[in-house]
Amino acid sequence: MKYCTRNSTLIISGEFEGLSTGINGGRGYVESIFNHEVNKGFDFKNPVKYLDNVAEYNEVYKPYFGLLTAVEMENLCIKTDDYLTTFVTAGITHPSVYRLDGYYPGTINIILVVDVELSEGAMAGAIITATEAKGLALMKMGYDFLGTTTDAVVVAYQKQKKNSSPYIEYAGSYTDFGKKITDTVVEGVKEGIKKTHPESVSY
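The structure presented is a predicted model; accordingly, all values stated were derived computationally and were not measured.

**Student:** Could you give an account of the side chain of His 36, with specific residues and numbers?
**Tutor:** By the element assignment, His 36 lies in strand 3 (residues 26-37). Polar side-chain contacts of His 36 include one of 2.7 Å to the side chain of Thr 9. Filtering out sequence-adjacent residues up to four positions away, His 36 remains in contact with Asn 7, Ser 8, Thr 9, Tyr 50, Val 54, Leu 67, Leu 68, Thr 69 and Met 73.

**Student:** Outline the pattern of salt bridges, listing residues and values.
**Tutor:** Applying the stated criterion across every chain, the model contains nine salt bridges. Of the charged contacts in the structure, one is a salt bridge between Lys 62 and Asp 52, with a shortest N-O distance of 3.6 Å. With Lys 62 in the loop between helix 1 (47-57) and strand 4 (64-69) and Asp 52 in helix 1, the pair connects residues that are ten residues apart, well separated along the chain. Of the residues examined, Asp 52 reaches a relative accessible area of 24% and is grouped as partly exposed. Between Glu 191 and Lys 79 there is a salt bridge whose closest N-O contact spans 2.5 Å. Taken together, the residues Glu 191 in helix 3 (residues 176-196) and Lys 79 in strand 5 (residues 77-81) connect sequence positions 112 residues apart. For Lys 79, a relative accessible area of 17% corresponds to the buried category.

**Student:** So what's going on with the pairing of strand 2 (residues 9-20)? Residues and values would help.
**Tutor:** When a strand is regular, its side chains alternate between the sheet's two faces. Taken across its twelve residues, strand 2 has nine buried, putting it largely inside the fold. Between strand 1 (residues 2-6) and strand 2, which pair antiparallel one after the other, the connecting turn spans two residues, and Asn 7 there sits at a positive phi close to 50 degrees. Across ten bridges, the pairing between strand 2 and strand 3 is antiparallel. Bridging from a neighbouring strand, Leu 10 pairs with Asn 35 of strand 3. The antiparallel pairing of strand 2 with strand 3 creates a hairpin that spans five residues between the two strands. Bridging between strand 2 and strand 11 (residues 152-158) involves five bridges; their strand directions are antiparallel.

**Student:** Kindly report on a nonpolar patch on the surface, identifying the contributing residues and their values.
**Tutor:** Taken together, the side chains of Met 1, Tyr 3 and Ile 78 present a nonpolar region at the surface, about 240 Å² in accessible area. On the secondary structure map, Tyr 3 appears in strand 1. According to the relative accessible area criterion, Tyr 3 is partly exposed, its value standing at 40%.

What counts as what
Residues numbered from 1 in each chain as written. Predicted model: local features only at pLDDT ≥ 70, side-chain atom pairs only at ≥ 80, totals over all residues. Heavy atoms only, no water. Helix = DSSP H or I, 4+ residues; strand = E, 2+ residues; numbered from the N terminus. Polar contact = N/O pair within 3.5 Å; in protein donor to acceptor, adjacent residues only side chain to side chain. Contact = heavy atoms within 4.5 Å. Salt bridge = Lys/Arg side-chain N within 4 Å of Asp/Glu carboxyl O. Buried < 20%, exposed > 50% of the residue type's maximum accessible area, 1.4 Å probe, protein only. Pairing = 2+ DSSP bridges. Patch = residues over 30% accessible without salt bridge, like charges linked within 9 Å, V, L, I, M, F, W, Y side chains within 5 Å. Areas by Shrake-Rupley, 256 points an atom, 1.4 Å probe, with all protein chains shown as cover.

Structure (C-alpha coordinates):
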(Lines give C-alpha, C1' and ligand atoms only; values in the text may rest on other atoms or scores of the structure.)
Protein backbone atom coordinates (compact mmCIF):
# COMPACT_ATOMS: atom_id res chain seq x y z
CA MET A 1 0.00 0.00 0.00
CA LYS A 2 1.11 3.52 -0.80
CA TYR A 3 -0.70 6.71 0.12
CA CYS A 4 -0.30 10.44 -0.30
CA THR A 5 -2.33 13.64 -0.23
CA ARG A 6 -2.41 15.93 -3.24
CA ASN A 7 -4.93 18.35 -4.73
CA SER A 8 -6.97 18.17 -1.50
CA THR A 9 -7.27 14.39 -1.91
CA LEU A 10 -6.05 11.42 0.09
CA ILE A 11 -5.06 8.75 -2.44
CA ILE A 12 -4.35 5.16 -1.37
CA SER A 13 -2.91 2.89 -4.03
CA GLY A 14 -2.47 -0.88 -4.20
CA GLU A 15 -4.27 -4.04 -5.18
CA PHE A 16 -7.26 -4.37 -2.88
CA GLU A 17 -10.32 -6.45 -2.28
CA GLY A 18 -12.78 -4.22 -0.52
CA LEU A 19 -16.21 -3.18 0.59
CA SER A 20 -17.44 0.42 0.60
CA THR A 21 -20.59 2.19 1.73
CA GLY A 22 -19.60 5.25 -0.32
CA ILE A 23 -21.06 6.78 -3.47
CA ASN A 24 -19.66 4.20 -5.91
CA GLY A 25 -19.48 1.54 -3.22
CA GLY A 26 -20.19 -2.13 -2.95
CA ARG A 27 -17.93 -5.17 -2.99
CA GLY A 28 -15.08 -5.57 -5.41
CA TYR A 29 -11.48 -5.27 -6.52
CA VAL A 30 -10.03 -1.75 -6.63
CA GLU A 31 -6.62 -0.29 -7.32
CA SER A 32 -7.24 3.02 -5.58
CA ILE A 33 -9.22 4.43 -2.67
CA PHE A 34 -9.52 8.18 -2.30
CA ASN A 35 -11.13 10.74 -0.03
CA HIS A 36 -11.55 14.16 -1.62
CA GLU A 37 -12.13 17.49 0.07
CA VAL A 38 -14.98 19.52 -1.42
CA ASN A 39 -16.09 23.08 -0.79
CA LYS A 40 -18.50 23.46 2.11
CA GLY A 41 -21.26 24.59 -0.27
CA PHE A 42 -20.77 21.59 -2.55
CA ASP A 43 -23.76 20.65 -4.72
CA PHE A 44 -24.37 16.89 -4.59
CA LYS A 45 -26.59 16.65 -7.69
CA ASN A 46 -24.21 14.32 -9.54
CA PRO A 47 -21.59 13.01 -7.09
CA VAL A 48 -20.67 10.00 -9.24
CA LYS A 49 -19.66 12.23 -12.14
CA TYR A 50 -17.83 14.50 -9.73
CA LEU A 51 -15.87 11.51 -8.37
CA ASP A 52 -14.92 10.51 -11.91
CA ASN A 53 -13.66 14.04 -12.56
CA VAL A 54 -11.61 14.02 -9.36
CA ALA A 55 -10.16 10.64 -10.27
CA GLU A 56 -9.24 11.78 -13.79
CA TYR A 57 -7.64 14.98 -12.51
CA ASN A 58 -5.50 12.97 -10.07
CA GLU A 59 -4.69 10.25 -12.61
CA VAL A 60 -6.57 7.68 -10.57
CA TYR A 61 -7.97 4.97 -12.80
CA LYS A 62 -10.92 2.65 -12.38
CA PRO A 63 -11.69 0.53 -10.51
CA TYR A 64 -11.63 2.71 -7.39
CA PHE A 65 -13.60 3.57 -4.27
CA GLY A 66 -14.14 7.32 -3.80
CA LEU A 67 -15.39 9.37 -0.87
CA LEU A 68 -16.18 13.06 -0.45
CA THR A 69 -15.79 15.24 2.62
CA ALA A 70 -16.04 18.90 3.57
CA VAL A 71 -13.19 18.37 6.06
CA GLU A 72 -9.86 19.90 5.08
CA MET A 73 -7.24 17.28 4.26
CA GLU A 74 -4.82 18.91 6.69
CA ASN A 75 -7.14 17.52 9.38
CA LEU A 76 -6.79 13.94 8.14
CA CYS A 77 -5.92 11.50 10.94
CA ILE A 78 -3.94 8.31 10.30
CA LYS A 79 -3.68 5.60 12.94
CA THR A 80 -1.76 2.34 12.64
CA ASP A 81 -1.86 -0.82 14.70
CA ASP A 82 0.19 -3.72 13.38
CA TYR A 83 -1.48 -4.85 10.13
CA LEU A 84 -4.23 -2.17 10.20
CA THR A 85 -3.99 1.41 8.96
CA THR A 86 -7.01 3.61 9.65
CA PHE A 87 -7.65 6.91 7.86
CA VAL A 88 -10.25 9.28 9.33
CA THR A 89 -11.65 12.65 8.34
CA ALA A 90 -14.17 13.78 10.93
CA GLY A 91 -16.71 16.56 10.54
CA ILE A 92 -19.91 16.62 12.57
CA THR A 93 -23.40 17.74 11.68
CA HIS A 94 -26.10 17.79 14.33
CA PRO A 95 -29.76 18.14 13.33
CA SER A 96 -29.12 21.85 13.80
CA VAL A 97 -26.48 22.55 11.13
CA TYR A 98 -25.87 26.14 12.19
CA ARG A 99 -24.61 26.76 15.70
CA LEU A 100 -23.25 29.78 17.50
CA ASP A 101 -20.04 29.89 15.47
CA GLY A 102 -21.53 29.07 12.07
CA TYR A 103 -21.26 26.16 9.68
CA TYR A 104 -20.11 22.74 10.82
CA PRO A 105 -18.75 20.63 7.96
CA GLY A 106 -20.32 17.21 8.07
CA THR A 107 -19.28 13.67 7.23
CA ILE A 108 -17.11 11.23 9.12
CA ASN A 109 -15.24 9.11 6.59
CA ILE A 110 -13.35 6.04 7.79
CA ILE A 111 -11.04 3.95 5.61
CA LEU A 112 -9.58 0.72 6.99
CA VAL A 113 -6.70 -0.84 5.05
CA VAL A 114 -5.48 -4.25 6.18
CA ASP A 115 -2.29 -6.11 5.31
CA VAL A 116 -3.80 -9.55 5.85
CA GLU A 117 -6.54 -11.38 4.00
CA LEU A 118 -10.13 -10.90 5.17
CA SER A 119 -13.17 -13.07 4.67
CA GLU A 120 -16.25 -11.40 3.22
CA GLY A 121 -17.83 -11.69 6.66
CA ALA A 122 -14.85 -9.95 8.24
CA MET A 123 -15.14 -7.08 5.78
CA ALA A 124 -18.82 -6.65 6.55
CA GLY A 125 -18.17 -7.04 10.27
CA ALA A 126 -15.40 -4.44 10.12
CA ILE A 127 -17.90 -1.88 8.88
CA ILE A 128 -20.17 -2.63 11.84
CA THR A 129 -17.29 -2.46 14.32
CA ALA A 130 -15.96 0.79 12.83
CA THR A 131 -19.44 2.33 12.97
CA GLU A 132 -19.87 1.28 16.59
CA ALA A 133 -16.45 2.77 17.38
CA LYS A 134 -17.38 6.04 15.67
CA GLY A 135 -20.50 6.27 17.85
CA LEU A 136 -18.46 5.43 20.95
CA ALA A 137 -16.00 8.22 20.17
CA LEU A 138 -18.83 10.73 19.79
CA MET A 139 -20.42 9.64 23.06
CA LYS A 140 -17.07 9.88 24.84
CA MET A 141 -16.83 13.46 23.62
CA GLY A 142 -20.26 14.29 25.02
CA TYR A 143 -22.28 14.42 21.82
CA ASP A 144 -25.87 13.19 21.66
CA PHE A 145 -25.68 11.69 18.14
CA LEU A 146 -23.83 8.73 16.65
CA GLY A 147 -22.82 10.13 13.28
CA THR A 148 -23.88 12.34 10.41
CA THR A 149 -26.20 11.69 7.51
CA THR A 150 -23.36 11.32 4.97
CA ASP A 151 -20.86 9.13 6.84
CA ALA A 152 -19.07 6.38 4.92
CA VAL A 153 -16.78 3.44 5.68
CA VAL A 154 -14.39 1.58 3.39
CA VAL A 155 -12.62 -1.61 4.42
CA ALA A 156 -10.04 -3.14 2.11
CA TYR A 157 -7.27 -5.69 2.32
CA GLN A 158 -4.24 -5.89 0.09
CA LYS A 159 -4.35 -8.90 -2.16
CA GLN A 160 -1.75 -11.45 -1.10
CA LYS A 161 -0.09 -14.41 -2.72
CA LYS A 162 -2.02 -17.53 -1.82
CA ASN A 163 -1.15 -18.85 1.65
CA SER A 164 1.36 -16.03 2.14
CA SER A 165 -0.40 -14.25 4.99
CA PRO A 166 -2.73 -14.85 7.93
CA TYR A 167 -6.46 -15.02 7.31
CA ILE A 168 -9.01 -13.15 9.40
CA GLU A 169 -12.51 -14.55 9.46
CA TYR A 170 -14.24 -12.32 12.00
CA ALA A 171 -14.16 -8.63 12.91
CA GLY A 172 -16.40 -8.35 15.97
CA SER A 173 -15.26 -5.99 18.70
CA TYR A 174 -14.10 -8.91 20.87
CA THR A 175 -11.63 -10.19 18.25
CA ASP A 176 -8.04 -8.92 17.94
CA PHE A 177 -8.92 -7.31 14.61
CA GLY A 178 -12.05 -5.75 16.08
CA LYS A 179 -10.13 -4.31 19.00
CA LYS A 180 -7.64 -2.74 16.62
CA ILE A 181 -10.50 -1.22 14.62
CA THR A 182 -12.16 0.12 17.76
CA ASP A 183 -8.98 1.64 19.17
CA THR A 184 -7.83 3.31 15.94
CA VAL A 185 -11.27 4.59 14.97
CA VAL A 186 -12.00 6.02 18.41
CA GLU A 187 -8.61 7.74 18.45
CA GLY A 188 -8.97 8.96 14.87
CA VAL A 189 -12.51 10.31 15.26
CA LYS A 190 -11.72 12.10 18.51
CA GLU A 191 -8.53 13.61 17.14
CA GLY A 192 -10.24 14.55 13.89
CA ILE A 193 -13.08 16.37 15.64
CA LYS A 194 -10.61 18.22 17.84
CA LYS A 195 -8.83 19.42 14.71
CA THR A 196 -11.96 20.27 12.73
CA HIS A 197 -14.03 21.75 15.56
CA PRO A 198 -11.65 22.76 18.39
CA GLU A 199 -14.19 25.23 19.76
CA SER A 200 -16.93 22.58 19.98
CA VAL A 201 -15.22 20.08 22.26
CA SER A 202 -17.08 20.20 25.54
CA TYR A 203 -15.63 17.42 27.67
